Amino acid sequence: MERSAFPAPIRLSARSRLTISVVGVGLWASGGLWLIFHFYLRSPGPWGPEPHALEPWWLRLHGLFAFASLWLIGLLSGLHIARAWASRRRRWSGSLLLAWLLALTVTGYLLLYAGDDGAWGLLSPGHWIAGLALPVIYVAHRLISRRR
Ligand code: HEM
Ligand code: HEM
């Protein structure tokens, strides 16, 4: 394999790690807030409980962070994943994390465009249960011990 005289490090800079944290926390928190407002904070209306006024705003915020996450995955593909893969370390946890993000992206896309002909009942909990679990996989990838 061709090797550069100055190979870029696999380790991410503090700034890249901060960007991952901001986008990750934003994605998770906006999704979590939507869940809390959707399931626990309905407003009373003349014909029964109605969605809280803030509920659609959490989804709009979530969409914003979802766009940012796609940009970040693209950035990491070049900055981290390609080189990390070649080093043969943390392949399992890294691949699982990437696959999880792709599954969230696909189910997120389908939530937007698949329509509501029954699929929503499976897609929605599938997406948010996987979303709630995302930090566990991220933390596992970060903490897993290096194999010598
Ligand atoms: C197949 C995919 C991936 C592989 C093979 C992989 C591999 C690795 C390796 C080998 C390290 C240790 C770097 C070192 O300490 O020298 C690492 C750290 C890390 N990875 Fe991944 N990774 C993958 C995907 C991802 C993804 C998708 C993310 C983020 C969304 C990510 C975020 C991180 C972070 C934040 C660290 C800690 C960096 C540091 O301490 O400097 N990785 N990864
Ligand atoms: C790569 C990561 C992710 C992407 C690309 C993504 C994308 C999306 C998209 C496009 C929607 C549909 C928005 C709409 O209907 O207006 C959505 C909905 C949602 N997402 Fe995510 N999301 C991601 C991660 C997460 C995470 C980490 C959580 C954590 C809780 C989460 C929770 C939710 C919830 C609760 C909804 C609303 C479900 C519904 O409308 O039935 N998502 N997401």
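Along each chain, numbering runs from 1 in the same order as the chain's sequence is written. Starting at A for chains and at 1 for ligands, labels are handed out in the order in which the entities are written. Per-residue local features are limited, in this predicted model, to residues with pLDDT of at least 70; the limit for side-chain atom pairs, both in listing and counting, is 80 or more; totals at the level of whole chains, interfaces and linings are taken over all residues. Hydrogens and water are ignored here; the side-chain numbers use all heavy atoms of the structure.

I'd like to hear about the coordination of the iron atom of ligand 1, residue by residue, with values.
Only nitrogen, oxygen and sulfur atoms within 2.8 Å of the metal, or 3.2 Å for Na, K and Ca, are treated as donors, and water is left out, so sites may look incomplete. Binding of the iron atom of ligand 1 to the protein goes through H80 (NE2) and H141 (NE2), at separations of 2.0 Å. Here a site with four donors is tetrahedral if all angles are between 85 and 135 degrees, and a site with four or six donors is square planar or octahedral if opposite donors are over 155 degrees apart and the other angles are between 65 and 115; anything else gets the irregular label. Here the iron atom of ligand 1 is ringed by 6 donor atoms whose angles at the metal span 87 to 179°, and the overall shape comes out octahedral. Of this pair, H80 sits in helix α2 (residues 55–86) while H141 sits in helix α4 (residues 120–143); the two residues are 61 residues apart in sequence, bridging distant segments of the chain. As far as burial versus exposure is concerned, H80 and H141 are alike and both buried. What counts as a helix is a DSSP run of H or I of at least four residues, what counts as a strand is a run of E of at least two, and both are numbered from the N terminus. Burial here depends on accessible area, computed with a 1.4 Å probe over protein chains only, as a share of the maximum for the residue type. Under 20% is buried, over 50% is exposed, and the range in between is partly exposed.

Any details on the UniProt feature "transmembrane region" (unreviewed entry) in the chain? Residues and values, ideally.
UniProt positions are given in the numbering used here, feature names are shortened, and annotations may be inferred rather than shown by experiment. Per the UniProt record, "transmembrane region" (unreviewed entry) is annotated on residues 20–41, 61–82, 94–114 and 126–144. In residues 61–82, helix accounts for 100% and strand for 0%; the two terminal C-alpha atoms are 30 Å from one another. The span residues 126–144 carries 95% helix and 0% strand; its end-to-end C-alpha distance comes to 26 Å.

I'd like a description of the coordination of the iron atom of ligand 2, backed by residues and values.
Looking at the iron atom of ligand 2, one finds its protein donor set to be H62 (NE2) and H127 (NE2), positioned 2.0 Å from the metal centre. Classification of the site at the iron atom of ligand 2 as octahedral follows from its 6 donor atoms and the range of 86 to 179° in their angles at the metal. Taken together, the positions of H62 in helix α2 and H127 in helix α4 put the pair 65 residues apart, joining distant regions of the chain. When sorted by exposure, H62 lands in the same class as H127, which is buried.

Can you explain the packing of aromatic side chains? Please cite residues and give values.
Aromatic contacts are taken between Phe, Tyr and Trp rings whose centres are within 6.5 Å, Trp giving its six-membered ring; a plane angle under 30 degrees counts as stacked, one over 60 as edge-to-face, and the others as tilted. Considering all chains together, one arrives at 3 aromatic pairs under this definition. The criterion is that NZ of a Lys, or CZ of an Arg, lies within 6 Å of the ring centre and within 35 degrees of the ring normal, and then a charge sits over that ring. For the cation-ring pair, R60 lies above W57, with the distance from its terminal atom to the ring centre recorded as 4.5 Å. Above the ring of W85, the side-chain terminus of R91 is found at 4.1 Å from the ring centroid.

Tell me about the site of ligand 2, and please be specific about residues and values.
The near set for a molecule or strand comprises every residue that places at least one heavy atom within 4 Å of it. Close to ligand 2 lie 22 residues, the nearest being H62, G108, W120, S124 and H127. Between ligand 2 and the protein, one listed contact pairs an oxygen atom with a side-chain N or O atom of S124 at 2.6 Å. Between ligand 2 and the protein, one listed contact pairs a nitrogen atom with a side-chain N or O atom of H127 at 2.9 Å. Every element with two or more residues in the shell around ligand 2 is listed here: α1 (14–40), α2, α3 (91–113) and α4. Amino acids are sorted into nonpolar (Ala, Val, Leu, Ile, Met, Phe, Trp, Tyr, Cys and Pro), charged (Asp, Glu, Lys and Arg) and polar (every other residue, Gly among them). Of the residues contributing to the shell around ligand 2, the split by class is 13 nonpolar, 9 polar and no charged. Counted as a polar contact is a pair of N or O atoms within 3.5 Å, where, for protein atoms, one must be capable of donating a hydrogen and the other of accepting one, and residues adjacent in sequence contribute only when both atoms are in side chains.

Can you tell me about the environment of V139, naming the residues and giving the values?
Within the element layout of this structure, V139 appears in helix α4. Overall, the relative accessible area of 41% leaves V139 in the partly exposed class. Distance from V139 to L35, taken between C-alpha atoms, is 22 Å for residues 104 residues apart in sequence.

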